[in-house]
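Coordinate analysis (summary)
Residues per chain are reported as follows:
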Amino acid sequence: MSNLIHYLGLSHHLLALNFIIVSFGKKSAWSSAQVKVTDTDFDGVEVRVFEGPPKPEEPLKRSVVYIHGGGWALASAKIRYYDELCTAMAEELNAVIVSIEYRLVPTVYFPAQIHDVVRATKYFLQPEVLHKYSVDPGRIGISGDSAGGNLAAALGQQFNQDDNLKNKLRVQALIYPVLQALDFNTPSYQQNMNTPILPRYVMVKYWVDYFKGNYDFVQAMIVNNHTSLDVEEAAALRARLNWTSLLPASITKNYKPVVQTTGNARIVQEIPQLLDARSAPLIAEQEVLRHLPKTYILTCEHDVLRDDGIMYAKRLESAGVEVTLDHFEDGFHGCMIFTSWPTNFSVGIRTRNSYIKWLDQNL
């Protein structure tokens, strides 16, 4: 635990959440009367597979590939919170849920996490593997929360550009996803900069860690010095997340954009991954967004990442993608996994029910 505290930079609100997650630890695979749970690996990537109850009238099941959150550095497919979520999904959807245990910072850095989820998903989509788990190849979705939502969005875009994988996914469901690192002063970042669980400076540190970058850049990035007007590499990308046009007036309120005239060009020179659409799916080209599968995006009012999700929904709609934006006014970052004692929040139960209901109606 002491190493974790040092690594996270002593954020007391984040430490409270981490204490909850770490205290419960990883659960071994345990099957219930309704859901069979097994640990295995898909092409060298650890996964936990949850198989819902068979139905005689439905010999083939639908399936969701799930990617857990944790800032690319924390949590696990095997901790209680995600175990309970995936068990509920498997049972209520009569589905096969593949929860990916991708490698984390500091063992690996970007883009290794993406490679893990892509490799595991490609393996699962093989006809013989789908047959083994009795999965309908036309009813498979990808999903994830927070950093897992980031990886799910990146996977969806990558598959969409591969002729062999295009149209393999029927839906994507992104739960308060982190989608960009160009602007840390969107209205939600300004409004929730000190909100517990995920304050702004902690999110920026997660980004720096993901890229094995220099902590000396954190304060400059918080005020958008890495994407100032004199940083040529960022110029073409800023228009793709112009929140003054992508967000409704009810969200922008009286907040003002923070655009520096001069900044620190060295940041993106040393961390070019900040401008890579694989790490920041929100800045992908419009053509990449076309033909993405039907999409669900859940956002929370009390979350620095709220506007990432809302802007992505807008960009997807503009590209012709069918999108459901599910916003919770009383929601906070991470709330969907808090559905049982001692962290059983009403909004956690409502977000989870809404998410599973959408999957049930669309997958």
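Residues numbered from 1 in each chain as written. Predicted model: local features only at pLDDT ≥ 70, side-chain atom pairs only at ≥ 80, totals over all residues. Heavy atoms only, no water.

1. A closer look at the overall build of the chain
Under the convention used in this document: What counts as a helix is a DSSP run of H or I of at least four residues, what counts as a strand is a run of E of at least two, and both are numbered from the N terminus. The globule rule used here is 2.2 Å times the number of residues to the 0.38 power, and the radius of gyration it is set against is calculated over C-alpha atoms. Remark: exposure states derive from per-residue accessible area (1.4 Å probe, protein chains only) relative to the maximum for the residue type, with buried under 20%, exposed over 50%, and partly exposed in between. By definition, residues are in contact when any of their heavy atoms lie within 4.5 Å. For the area figures, the Shrake-Rupley method with a 1.4 Å probe applies, and any residue is considered shielded solely by the protein chains shown.
Along the backbone of the chain there are 16 helices and eight strands. In summary, the chain has a C-alpha radius of gyration of 19 Å against a globular reference of 21 Å for 363 residues, a match within 12%. Based on the C-alpha atoms only, the size of the chain along its principal axes is roughly 65 × 45 × 40 Å. Taking all 363 residues of the chain together, the buried fraction comes to 60%. Looking at the chain alone, contacts between residues at least 24 apart form 75% of all its contacts between residues at least 6 apart. Of the roughly 14,500 Å² that the chain leaves accessible, carbon and sulfur atoms contribute 51%.

2. Some words on the UniProt feature "domain: Alpha/beta hydrolase fold-3" (unreviewed entry) in the chain
As a reminder, the rule being used: UniProt positions are given in the numbering used here, feature names are shortened, and annotations may be inferred rather than shown by experiment.
Feature annotation in UniProt places "domain: Alpha/beta hydrolase fold-3" (unreviewed entry) on residues 64–217 and 275–336, given in this structure's numbering. In this annotation, residues 64–217 is assigned 41% helix and 17% strand; the end-to-end C-alpha distance for the span is 37 Å. Annotated as residues 275–336, this span is 27% helix and 31% strand, and its ends, taken at the C-alpha atoms, are 29 Å apart.

3. So, the sheet that holds strand β2 (residues 45–51)
Inclusion rule: For two strands to be treated as a pair, DSSP must find no fewer than two bridges joining them. Geometry is summarised by axes, namely lines fitted to C-alpha atoms with helices restricted to the contacting stretch, and by angles between N-to-C directions that run from 0 to 180 degrees.
Spatial strand order, β1-β2-β4-β3-β5-β6-β7-β8: eight strands in an open sheet with mixed pairing. Strands with a single pairing partner mark the edges of an open sheet, and in this sheet they are β1 (36–42) and β8 (323–332). Adjacent strand axes in the sheet meet at a mean angle of 20°, parallel and antiparallel pairs treated alike. Sheet analysis places β1 next to β2, joined by seven bridges and oriented antiparallel.

4. A short note on the pattern of salt bridges
Selection rule: Counted as salt bridges are all cases of a side-chain nitrogen of Lys or Arg within 4 Å of a carboxyl oxygen of Asp or Glu.
Per the stated rule, a full pass over the model turns up 14 salt bridges. Close ionic contact of R48 with D39 constitutes a salt bridge, the shortest N to O distance being 2.7 Å. Relative accessible area serves as the criterion here: at 0%, R48 is assigned to the buried category. On the accessibility criterion, D39 (37% relative accessible area) is partly exposed. In this structure, R266 engages E270 in a salt bridge whose closest nitrogen and oxygen atoms are separated by 2.5 Å. Here E270 and R266 lie together in helix α13 (residues 266–270), a separation of four residues that amounts to about one turn. The class of E270 is partly exposed, set by a relative accessible area of 42%. Each of D39, R48 and D83 takes part in a single network of salt bridges with overlapping partners.

5. Regarding the nonpolar core
Basically, it comes down to this: By nonpolar core we mean a set of buried residues, namely Ala, Val, Leu, Ile, Met, Phe, Trp, Tyr and Cys, connected to one another through side-chain atoms within 4.5 Å.
W72, I100, F124, M203, W207, Y210 and Y312 are the most contacted members of the largest nonpolar core, which totals 89 residues. In this view, F124 contacts F42, S63, V65, V96, V98, V129, L130, Y133, V135 and I140; residues no more than four positions away in its chain are not counted. Formed by 37 residues, the second largest nonpolar core is a distinct cluster that contains C335, M336, I337 and F338.

6. Remarks on helix α6 (residues 147–160)
Where we set the bar: To estimate how far a helix should reach, multiply one less than its number of residues by 1.5 Å.
Compared with the 20 Å implied by 1.5 Å per residue over 14 residues, the 20 Å span of α6 between its first and last C-alpha is a close match. With 13 of its 14 residues buried, α6 lies for the most part within the structure.

7. Focus on the environment of K122
As for its position among the elements, K122 is in helix α4 (residues 112–124). Through-space distance from the C-alpha of K122 to that of A88 is 24 Å; in sequence the pair is 34 residues apart. Those residues within four positions of K122 in sequence are excluded, and the remaining contacts are F159 and L165.

8. A word on helix α16 (residues 346–362)
Our working definition: Within this analysis, the arc is defined by the directions that extend from the helix axis to the C-beta atoms.
In this model, α16 (17 residues) spans 24 Å end to end at C-alpha, consistent with the 24 Å of a helix rising 1.5 Å per residue. All of the buried residues in α16 are V347, G348, T351, R352, Y355, I356, W358, L359 and N362. Buried residues along α16 cover an arc of 160° about the axis, so they all sit on one side. Turned more than 90 degrees from where α16 packs its buried face, K357 and Q361 sit exposed. In the core, the buried residues of α16 are packed alongside β3 (61–67), α3 (80–93), β5 (135–145), β6 (171–175), β7 (294–302) and β8.

9. Quick notes on the pairing of β7
Inclusion rule: Handedness rule for crossovers: strands pointing away from the viewer, path from the first strand over the helix to the second running clockwise, crossover right-handed.
Among the nine residues that make up β7, seven are buried, leaving the element largely enclosed by the rest of the structure. As paired elements, β6 and β7 share five bridges and run parallel to each other. Following the sheet pairing, I175 is matched in β7 by L298. When β7 meets β8, the two strands line up parallel, connected through seven bridges. Paired with Y296 across the bridge in β8 is T324. One crossover worth recording links β7 to the parallel β8 by way of helix α15 (residues 306–318), and it is right-handed.

10. Quick look at the packing of α4 against α6
Defined as follows: Orientation labels follow simple angle bins: below 35 degrees gives roughly parallel, above 145 gives roughly antiparallel, 65 to 115 gives roughly perpendicular, and whatever is left gives oblique. Crossing handedness is defined as follows: a turn of the near helix away from the far one that is anticlockwise and smaller than a right angle gives a left-handed crossing, while the clockwise case is right-handed. When residue character is reported, Ala, Val, Leu, Ile, Met, Phe, Trp, Tyr, Cys and Pro are called nonpolar, Asp, Glu, Lys and Arg charged, and the others, Gly included, polar.
In contact at an axis separation of 10 Å, α4 and α6 are set at 60° when each is read in the N-to-C sense. In terms of orientation, α4 and α6 fall into the oblique class. Of the two elements, α4 crosses α6, and the hand of that crossing is right-handed. In this structure, α4 uses Q113, I114, V117, V118, T121 and K122 to contact α6, whose residues at the interface are L151, A154, L155, Q158 and F159. Partitioning the contact of α4 with α6 into residue classes produces seven nonpolar, three polar and one charged.

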